[in-house]
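The chain contents come next:
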Amino acid sequence: MKVLLFILQKEFRLIFRDKIILAMMTFVPTMQLIILPMAADFDVKNVNVAFIDHDQSTTSSQLMRKVMSSGYFRIVDLPFSYNEGIKLIEDGSADIVVEVPLGMERSLIREGRTTINVSINAINGTKASLGGAYLSTVFADYNREIDLPMQAPSQGAMVNVKQIELVQQNWYNVRAEYKYYMVPGILVLLLTIIGGFITALNIVKEKELGTIEQINVTPIKKWQFILGKLIPFWIVGLTVFTLGLVVMYVVYGIFPEGSLLTLYAFAAVYMMALLGFGLLISTFSSNQLQAMFVAYFFIMIFTLMSGFFTSIDSMPNWARRMSSMTPVTHFIFVVRLIVLKGSSFHHVYQEFLYLIGFGVVLNGLAIWNYRKTQ
Amino acid sequence: MKQFLSFVRKEFYHVFRDKRTLLLLFGLPVVQILIFGYALNSDVKNIGITVLDNAHDVPSQQIMNRIGQSEYFIVREPAADYNDVQSIFKEGRVKCAVVFGPSFGEELYRSGKAQVQIITDASDPNNAKIAFGYLTALIGRYQQEMNVGSAMPYVISTETRMLYNEEQNGSLNFIPGVIALIFMIVCAALTSVSVVREKELGTMEVLLVSPFRPVMVLISKAVPYLLLSLINFVVILTMSYYLLDVVVRGSMLLLLSESILYIITCLSLGLLISNVTTSQQAAMLISMMAMMLPTVLLTGFMFPLENMPLPFQVISHALPSRYYYIIVKAVMLKGLGFGAVWKETLILAGMSVFLLTVALKRFKVRLA
């Protein structure tokens with residue numbers, strides 16, 4: 001026990017001595033937490049529309065006003081032909097071309113139905129599907145409220161018509177703002193990067209400088225050395241997490257809905273798993289460049305698969321299984337639940353078991369792979 | 001010329017000696033393409049949905065059946081009351097709830113108007129919006145079918161065409177971004193580290209006193225990475241063609257020459273970094289923080305540029321990757337010719353001339 005305390009003392013001194021690392025661990029994440037959510041706004045607004053009105057009728061101009069006033073669209077141009085509209089999409093100034101055909105109003109009155117052509121630039125999938133969905137909502141609304149005088153002749157038929165009205169309620173995030181989704185995710189990401197990179201680099205640095213050999217020849221036991229490395233970074237990680245929560249509250253006004261105790265319990269276990277991951281990488285690498293590359297490689301995969309920016313539910317089965325095999329996925333899921341919805345421990349205890357599992361496996365592998373002698 | 005070739009050969013030895021870095025170099029694009037192509041989907045499917053059915057009548061059952069048949073939703077066990085919905089949402093598997101009032105069917109048949117309440121879990125806002133959009137369309141169709149015969153008098157329907165990407169292939173948007181990112185990593189990060197390593201080890205001195213021209217030392221450093229990037233480029237294009245069905249619509253020659261231009265820009269950046277730093281650590285940190293992060297963040301392939309605050313948009317104009325991304329999208333995905341991208345090409349060319357001049361000017365022939 002006494003040996004362990006001495007190692008801890010050494011590690012803390014090393015951490016506080018290196019001002020750059022200290023800044024990297026505190027200042028950088030704070031800045032990133034402030035800047036990143038501003039940049040990572042996936043909200044689709046201001047979809048640019050080119051509106052081609054061949055009909056030039058009352059209905060078509062009503063329709064255009066309806067599109068304009070919906071709040072999602074900006075009408076950037078009123079070209080005269082489809083080709084001109086496509087040009088606007090090609091040079092990127094429009095996302096959607098709406099083409100009202102000639103005689104649209106007439107066929108609407110005579111036959112009761114008409115079709116409008118909509119062409120969407122689908123290279124950006126999210127924007128295309130959301131833009132399309134908004135547009136059909138606008139048209140559906142318009143259908144419902146088509147001028148009553150026009151409907152007068154068929155008043156008789158209206159009696160039997162059934163209408164179902166949909167009322168939407170947004171829970172947990174009434175105005176559906178994107179920052180609520182992003183900020184907790186980014187907090188987890190920063191914790192992951194710091195926890196993963198810094199442990200990996202720290203031990204490899206001792207290897208590179210040769211100081212690890214000095215430790216290896218002392219009577220310090222394997223577990224003492226490893227614990228001595230892990231505990232300081234565990235504390236650093238939880239400090240960074242606390243810092244992140246403060247930034248989240250001060251800058252974005254997001255305070256965890258659920259209990260802080262549950263949140264910290266998860267964070268503590270997650271940090272353990274993460275440190276095991278860093279340790280494992282360091283046992284495999286021989287210099288800092290390699291460690292950095294390997295850590296970057298895995299953290300990138302973890303992040304992409306974690307549901308941080310795309311929903312896991314819509315992934316194919318194998319990808320969903322793969323994504324549940326990384327600790328990042330589970331922790332992001334839980335942090336969002338606790339922070340935004342106020343879930344309590346019994347709602348998410350399964351994730352807790354998963355995280356403990358990761359901790360045991362990763363640390364076990366790392367310790368097994370760590371050799372005092374070459 | 002012979003001297004130059006032997007220097008290039010030396011650089012190749014360095015590159016091929018470090019097997020792990022080489023593996024990552026080619027592993028990175030392969031894994032990224034696979035993940036972006038197969039795992040990440042921008043269209044939302046399998047949304048967990050629950051129902052709070054206080055009506056238990058025919059129309060409410062029919063609507064729920066419709067929802068169950070749709071590929072967009074997975075119906076989970078029904079909720080008993082609002083508190084139950086709350087608690088189901090807190091477990092996180094269900095993102096949406098449909099609530100029918102007790103007299104839903106009665107109102108629908110008697111007065112012809114009835115309300116359905118949709119509760120969405122807006123902690124994921126886009127998911128909530130898309131789910132609501134799907135439900136609007138689904139219930140709208142149900143309503144139309146109910147009204148057949150006594151048809152609603154006027155209906156404006158739309159015919160939607162998805163341009164450039166009819167099957168809504170989610171990877172299209174990402175591939176140009178992945179290419180831009182990989183070039184940035186390979187050229188800027190690896191080149192700068194390889195130059196600085198020679199400085200750190202002291203071998204740079206040996207190279208500088210050789211009869212070879214000092215500037216050529218730098219250029220011979222860049223050659224292997226240029227070739228590696230081109231190989232990577234071919235790998236990415238082949239993979240995206242065979243695995244993801246992404247076809248290069250425009251001219252291949254144009255795409256290739258634009259890519260070489262961008263690679264040269266990145267290499268100049270790498271050389272510039274290596275001139276201002278003295279340790280591998282610093283070179284690595286600068287290329288990670290100052291090059292890669294902005295490339296991921298501000299190029300526009302992951303995060304939509306138009307939503308960003310103004311300062312970010314201004315900064316993004318200084319990034320070569322932004323222009324390259326626009327060019328690749330235009331040539332590869334939209335099939336446009338040089339006429340559409342000459343402006344971006346000119347900017348990229350200007351950038352690389354500028355960076356290269358600064359890098360070569362600042363290259364110190366003598367060690368301090």
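Keep in mind that what you see is a predicted model, and the values were worked out from it rather than measured.

**So, the overall build of chain B**
Next up, step 1: Summing up its helical and strand segments, chain B has 14 helices and 5 strands in all.
Next up, step 2: Compactness check: chain B gives a C-alpha radius of gyration of 28 Å against a globular reference of 21 Å for 368 residues, more than 25% above the reference.
Next up, step 3: When its C-alpha atoms are laid out on the principal axes, chain B stretches across 100 × 45 × 40 Å.
Next up, step 4: Every one of the 368 residues in chain B was classed for burial, and the buried ones make up 56%.
Next up, step 5: Residue pairs at least 24 apart in sequence account for 78% of intrachain contacts in chain B once pairs closer than 6 positions are excluded.
Next up, step 6: Taken as a whole, chain B presents about 16100 Å² of accessible surface, with 62% of it coming from carbon and sulfur.
Next up, step 7: In chain B, the 30 positive side-chain charges and the 25 negative ones have mean positions that sit 18 Å from each other.

**A few points about the side chain of B:Thr191**
Next up, step 1: Looking at the element boundaries, B:Thr191 is found in helix 7 (residues 174–201).
Next up, step 2: Sequence-distant contacts of B:Thr191, defined by excluding residues within four places in its chain, comprise B:Val186, B:Tyr225, B:Leu267 and B:Leu271.

**Concerning a nonpolar patch on the surface**
Next up, step 1: Together, A:Trp318, A:Met322, A:Met325, B:Leu34, B:Tyr38, B:Tyr241, B:Tyr242, B:Leu243 and B:Val247 make up a nonpolar patch on the protein surface, roughly 900 Å² of accessible area in all.
Next up, step 2: Residue assignment for the nonpolar patch shows that the elements contributing at least two residues are helix 14 (317–323) of chain A together with helix 2 (19–39) and helix 9 (214–242) of chain B.
Next up, step 3: Tracing the backbone shows B:Tyr38 in helix 2.
Next up, step 4: Accessibility expressed as a relative area gives 33% for B:Tyr38, which makes it partly exposed.

**A closer look at the packing of aromatic side chains**
Here a ring pair, both rings aromatic, is described through the centre-centre distance and the interplanar angle of the planes.
Residue and element names in this part refer to chain A.
Next up, step 1: For the structure on display, the rule yields 27 aromatic pairs over all chains.
Next up, step 2: Note on Phe-241 and Phe-331: the rings are 6.3 Å apart at their centroids and 45 degrees apart in plane angle, and the pair reads as tilted. Here the residue Phe-241 occupies a position in helix 11 (residues 222–252), and Phe-331 occupies one in helix 15 (residues 327–341), the gap between them amounting to 90 residues. Phe-331 carries the same exposure label as Phe-241, and that label is buried.
Next up, step 3: The structure contains a cluster of three or more aromatic residues connected by ring pairs, namely Phe-241, Tyr-264, Tyr-270 and Phe-331.
Next up, step 4: The lysine or arginine in question, Arg-336, covers the ring of Tyr-181, its NZ or CZ lying 3.6 Å from the ring centre.

**Details of the pattern of salt bridges**
Next up, step 1: Enumeration over the complete set of coordinates arrives at 12 salt bridges over all chains.
Next up, step 2: Close ionic contact of B:Lys221 with B:Glu11 constitutes a salt bridge, the shortest N to O distance being 3.0 Å. Here B:Glu11 lies in helix 1 (residues 2–17) and B:Lys221 lies in helix 9, a separation of 210 residues in the sequence. Just as B:Lys221 is buried, B:Glu11 falls in that class too.
Next up, step 3: Members of the salt-bridge network, linked through shared partners, are A:Lys10, A:Glu11, A:Glu206 and A:Lys229.

**Digging into the sheet that holds strand 4 (residues 113–121) of chain B**
Next up, step 1: Taken in spatial order, the 5 strands line up as 5(A)-4(B)-3(B)-1(B)-2(B) in an open sheet, and their pairing is mixed. Unpaired on one side and paired on the other, strand 5 (163–171) of chain A together with strand 2 (73–75) of chain B mark the two borders of the sheet. Averaged over all pairs of adjacent strands, the angle between strand axes in this sheet comes to 30 degrees, irrespective of strand direction.
Next up, step 2: Across 3 bridges, the pairing between strand 1 (residues 47–53) of chain B and strand 2 of chain B is parallel. Its bridge partner being in strand 2 of chain B, B:Ile47 is matched across the sheet by B:Phe73.
Next up, step 3: The strands touched by helix 4 (residues 82–91) of chain B are strand 5 of chain A together with strand 1, strand 3 (96–100) and strand 4 of chain B; relative to strand 4 of chain B, the strand with the most contacts, the crossing angle is about 35 degrees.

**What to know about the interface of chain A and chain B**
Next up, step 1: Between chain A and chain B, the residue contacts involve 102 residues of the former and 101 residues of the latter.
Next up, step 2: Summed over both partners, the interface of chain A with chain B comes to about 9700 Å²; 63% of that surface belongs to carbon and sulfur atoms.
Next up, step 3: Ranking the residues of chain A by area buried against chain B places A:Ile123, A:Lys162 and A:Ile164 at the top, with a combined share of 9%.
Next up, step 4: The tally of links from chain A across to chain B stands at 3 salt bridges.
Next up, step 5: One salt bridge connects B:Lys95 with A:Asp313, and the closest N-O pair in it is separated by 3.3 Å.
Next up, step 6: Across the contact surface, chain A and chain B share 18 residue pairs in polar contact (both at pLDDT 80 or more).

**Brief notes about the side chain of B:Ser192**
All names here are of chain B.
Next up, step 1: Along the chain, the position of Ser-192 falls in helix 7.
Next up, step 2: Take Ser-192: its relative accessible area is 0%, and that puts it in the buried class.
Next up, step 3: Separated by 2.9 Å, the side chain of Ser-192 and the backbone oxygen of Ala-188 make a polar contact.
Next up, step 4: If near-sequence neighbours (up to four positions away) are discounted, Ser-192 is found in contact with Cys-187, Gly-270, Ile-273, Ser-274, Ala-283 and Ser-287.

**Regarding the domain arrangement of chain A**
Next up, step 1: Assigned domains within chain A: domain 1 (2–40 + 177–369) and domain 2 (47–159).
Next up, step 2: The C-alpha centroid of domain 2 of chain A is placed 49 Å from the C-alpha centroid of domain 1 of chain A.

**Observations concerning helix 10 (residues 252–276) of chain B**
Residues spaced three or four apart along an α-helix point in a common direction, a consequence of the helix completing one turn every 3.6 residues.
Residue and element names in this part refer to chain B.
Next up, step 1: The end-to-end C-alpha distance of helix 10, which contains 25 residues, comes to 36 Å, matching closely the 36 Å that a straight helix rising 1.5 Å per residue would cover.
Next up, step 2: For helix 10, the tally of buried residues reaches 18 of 25 residues, placing the bulk of the element in the interior.
Next up, step 3: If you check the start of helix 10, you find a side-chain oxygen 3.3 Å away from the backbone N of Leu-253, and it comes from Ser-251.

**Observations regarding the pairing of strand 4 (residues 113–121) of chain A**
Next up, step 1: The pairing of strand 3 (residues 96–100) of chain A with strand 4 of chain A spans 4 bridges and is classified as antiparallel. Within strand 4 of chain A, the residue paired with A:Val98 across the bridge is A:Val118.

**Remarks on the sheet that holds strand 3 of chain A**
Next up, step 1: The strand order across the open sheet formed by 5 strands is 2(A)-1(A)-3(A)-4(A)-5(B), and the pairing between neighbours is mixed. Among the strands making up the open sheet, the edge pair consists of strand 2 (73–77) of chain A together with strand 5 (155–163) of chain B. This sheet shows a mean twist of 30 degrees between the axes of neighbouring strands, independent of strand direction.
Next up, step 2: Bridge count between strand 4 of chain A and strand 5 of chain B: 9 bridges; the pairing is parallel. Following the sheet pairing, A:Val118 is matched in strand 5 of chain B by B:Thr160.
Next up, step 3: Sitting on the sheet, helix 4 (residues 82–90) of chain A touches strand 1 (47–53), strand 2, strand 3 and strand 4 of chain A together with strand 5 of chain B, and the angle it makes with strand 3 of chain A is about 170 degrees.

**Points about helix 13 (residues 288–305) of chain A**
Residues and elements named next belong to chain A.
Next up, step 1: The end-to-end C-alpha distance of helix 13 is 26 Å, a good match for the 26 Å that 18 residues give at a rise of 1.5 Å each.
Next up, step 2: Counting buried residues along helix 13, 16 of its 18 residues qualify, which places the element largely inside the surrounding structure.
Next up, step 3: Phi turns positive, to about 80 degrees, at Gly-307, one or two residues after helix 13.

Calculation criteria
Residues numbered from 1 in each chain as written. Chains lettered and ligands numbered in written order. Predicted model: local features only at pLDDT ≥ 70, side-chain atom pairs only at ≥ 80, totals over all residues. Heavy atoms only, no water. Helix = DSSP H or I, 4+ residues; strand = E, 2+ residues; numbered from the N terminus. Rg over C-alpha atoms; globule rule 2.2 N^0.38 Å. Buried < 20%, exposed > 50% of the residue type's maximum accessible area, 1.4 Å probe, protein only. Contact = heavy atoms within 4.5 Å. Areas by Shrake-Rupley, 256 points an atom, 1.4 Å probe, with all protein chains shown as cover. Lys, Arg positive; Asp, Glu negative; His and termini not counted. Charge placed at Lys NZ, Arg CZ, Asp CG, Glu CD. Patch = residues over 30% accessible without salt bridge, like charges linked within 9 Å, V, L, I, M, F, W, Y side chains within 5 Å. Salt bridge = Lys/Arg side-chain N within 4 Å of Asp/Glu carboxyl O. Phe/Tyr/Trp six-rings, centres within 6.5 Å; stacked < 30°, edge-to-face > 60°. Lys NZ or Arg CZ within 6 Å of the ring centre and 35° of its normal. Pairing = 2+ DSSP bridges. Axes fitted to C-alpha atoms, helices over the stretch in contact; angles between N-to-C directions. Buried area = accessible area lost by both parts, 1.4 Å probe. Polar contact = N/O pair within 3.5 Å; in protein donor to acceptor, adjacent residues only side chain to side chain. Domains from an automatic or database assignment. Expected span 1.5 Å × (residues − 1).

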